[in-house]
Every structure is written in structure tokens, then in C-alpha cells.
Amino acid sequence: MVLSDRDIKRKLAEGRIVIEPLLDRDVQPASVDVRLGANFRIFRNSTHAFIDPMADQPDLTEEVVVEPGEAFILHPGQFALGTTRERIVLPDDVLGKLEGKSTLGRLGLMIHSTAGYVDPGWDGELTLELSNVATLPIMLRPGMRIGQLSFERMSSPVERPYGSAALGSHYQGQMGATASRVLTD
């Protein structure tokens, strides 16, 4: 069941869901708007001939931090990692779903390709998979509304929330745009 604005506000007030910082106006009828942070990661195309998901390539991406008042320009066909401004914490019985804002999608901005779920037990900022499928560059300004996060109540609390030692959760507690961690399983 998707949580309504009433249920979202109640869970926020109880501390069961944490979103920091949060503006009251960002709570929508069935979601919460999230904002773009200032931290990005871009691929180092000039030093890598390919991406190997099974090999550790620690210098595959480089960090770009956008200064206040500046913008990150996402060019047509470009892919970059971004981050939400907000830290999100979910309890063991709530799943989050991240979607792009339709206004930005209509301009050709995709904010996630595969990482739309936010597992129960999550704690950290969300890394965004930013793609420009338009034919013109898109200016991304830190603080702009970038996506919306809806919440679903699980049928029961999960046995192993994200971050549990047995899961080997790679991204628990992440802050800033976080590069892919090697797939060794």
C-alpha cells in the first residue's frame, strides 16, 4: 500500500521515516520531492578504454562538486552520478520508490536507470543515475527538485533490513554521489 501524505507526515513525526533536510512544501499527496545535491561523479573517458563490472577500477570516475550559485551541465548522451541533498532513513517495514519529476522527464532528463528501489533499513543519501536523452544540454542546479520518493508499507517487517551484516550492503550510509562498487558475488 502506497503511503498518503497523511501517513508520510505521521511517520516523519514519529521518526520512523527520516528525511533531512525536509521542507513542508516538499510533501506531495503520495510522495516527497527530493532535491539535487552539489556532488557529482563523471566517467574518465580519456583514461579508460572500457568498464569491467567485475574488476576494481577505483579511478573510473572523478568527483565534481558544484559551487553555490553554479550549475552542472549534463550534455546530450552524457551519463553522470548525482546525489540527493537529503539523507533518507527507512524503517524495516517501509520500501521507498524513487521516480523522476515528470517536468524534468519531459525535458529529456532521466534520474535513474535501475536504482529506483530504496530498501527497508536504508540510511544515507541517494545516488542518482542522471542521463540526458535530449538534444540540448540540461543545466542542473543544486537544490532543484530532482525526483519524488514514494513509500510502500511492507506486508511485515523484513528479516534482514538493508545494512544487515549478512547482506553485505555496499552503500549503507553513503553520502554524496557514490561510484559503483565491484560485483564480486
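Residues numbered from 1 in each chain as written. Predicted model: local features only at pLDDT ≥ 70, side-chain atom pairs only at ≥ 80, totals over all residues. Heavy atoms only, no water.

(A) The arrangement of the packing of aromatic side chains in detail. This model, assessed by the stated rule, comprises three aromatic pairs. With 4.2 Å between their ring centres and 5° between their planes, F40 and F72 make a pair best called stacked. One end of the pair, F40, is in strand β3 (residues 39-43); the other, F72, is in strand β5 (residues 72-74), and 32 residues separate them in sequence. Given a relative accessible area of 7%, F72 falls into the buried group. (Phe/Tyr/Trp six-rings, centres within 6.5 Å; stacked < 30°, edge-to-face > 60°. Helix = DSSP H or I, 4+ residues; strand = E, 2+ residues; numbered from the N terminus. Buried < 20%, exposed > 50% of the residue type's maximum accessible area, 1.4 Å probe, protein only.)

(B) Focus on the pattern of salt bridges. Under the defined criterion, the tally for this structure stands at 11 salt bridges. Across the pair D33 and K101 runs a salt bridge whose closest N-O atoms are separated by 2.9 Å. Within this pair, whereas D33 is found in strand β2 (residues 32-35), its partner K101 is found in the loop between β7 (94-100) and α2 (102-105), the two being separated by 68 residues in sequence. Salt-bridge contacts for D123 lead to R87; the nearest nitrogen and oxygen are separated by 2.8 Å. Of the two residues, D123 is situated in strand β10 (residues 123-132) and R87 in strand β6 (residues 79-89); the sequence distance between them amounts to 36 residues. Looking at D123, the relative accessible area reads 23%, which means it is partly exposed. Linked by salt bridges that have partners in common, D26, D33, R35, K101 and R145 make up one network. (Salt bridge = Lys/Arg side-chain N within 4 Å of Asp/Glu carboxyl O.)

(C) Looking closely at the nonpolar core. Among the nonpolar cores identified, the biggest contains 33 residues, and I17, F72, L109, L140, I146, L149 and F151 are the most heavily contacted of them. Ignoring any residue separated from it by four or fewer positions in sequence, one finds L149 in contact with S31, V32, V34, I88, G96, K97, L98, V118 and L126. (Core = buried A, V, L, I, M, F, W, Y, C linked by side-chain atoms within 4.5 Å. Contact = heavy atoms within 4.5 Å.)

(D) Region of the structure containing the pairing of β6. Burial within β6 is extensive, with eight of its 11 residues counted as buried. As defined by bridge partners, strand β1 (residues 18-20) adjoins β6 across three bridges and the pair is classed as antiparallel. Along β6, the bridge assignment pairs E20 with R87. Across two bridges, β3 lies against β6 in antiparallel orientation. Its bridge partner lying in β6, I42 is registered against A80. For β6 and β10, the ladder comprises eight bridges, and the chain directions are antiparallel. Looking across to β10, one finds that R87 is bridged to E125. (Pairing = 2+ DSSP bridges.)

(E) The side chain of E125, seen in detail. With respect to the element layout, E125 can be found in strand β10. A polar contact is formed between the side chain of E125 and the side chain of T83, at a distance of 3.2 Å. Contact partners of E125, with chain neighbours within four places excluded, come to T83, T84, R85, E86, R87, Q174, M175 and G176. (Polar contact = N/O pair within 3.5 Å; in protein donor to acceptor, adjacent residues only side chain to side chain.)

(F) Summary view of the UniProt feature "site: Important for bifunctional activity" (unreviewed entry) in the chain. Here, the residues flagged by UniProt with the feature "site: Important for bifunctional activity" (unreviewed entry) are G116 and Y117. By the secondary structure assignment, G116 is in the loop between β8 (109-110) and β9 (117-118). Taking the relative accessible area as the measure of exposure, G116 reaches 11% and is therefore buried. Setting aside residues up to four positions removed in sequence, G116 forms contacts with G96, K97 and L98. Judged by relative accessible area, Y117 falls into the exposed class, the value being 57%. For Y117, the residues in contact, after removing those within four places along its chain, are L95, G96 and K97. (UniProt positions renumbered as here; feature names shortened; annotations may be inferred.)

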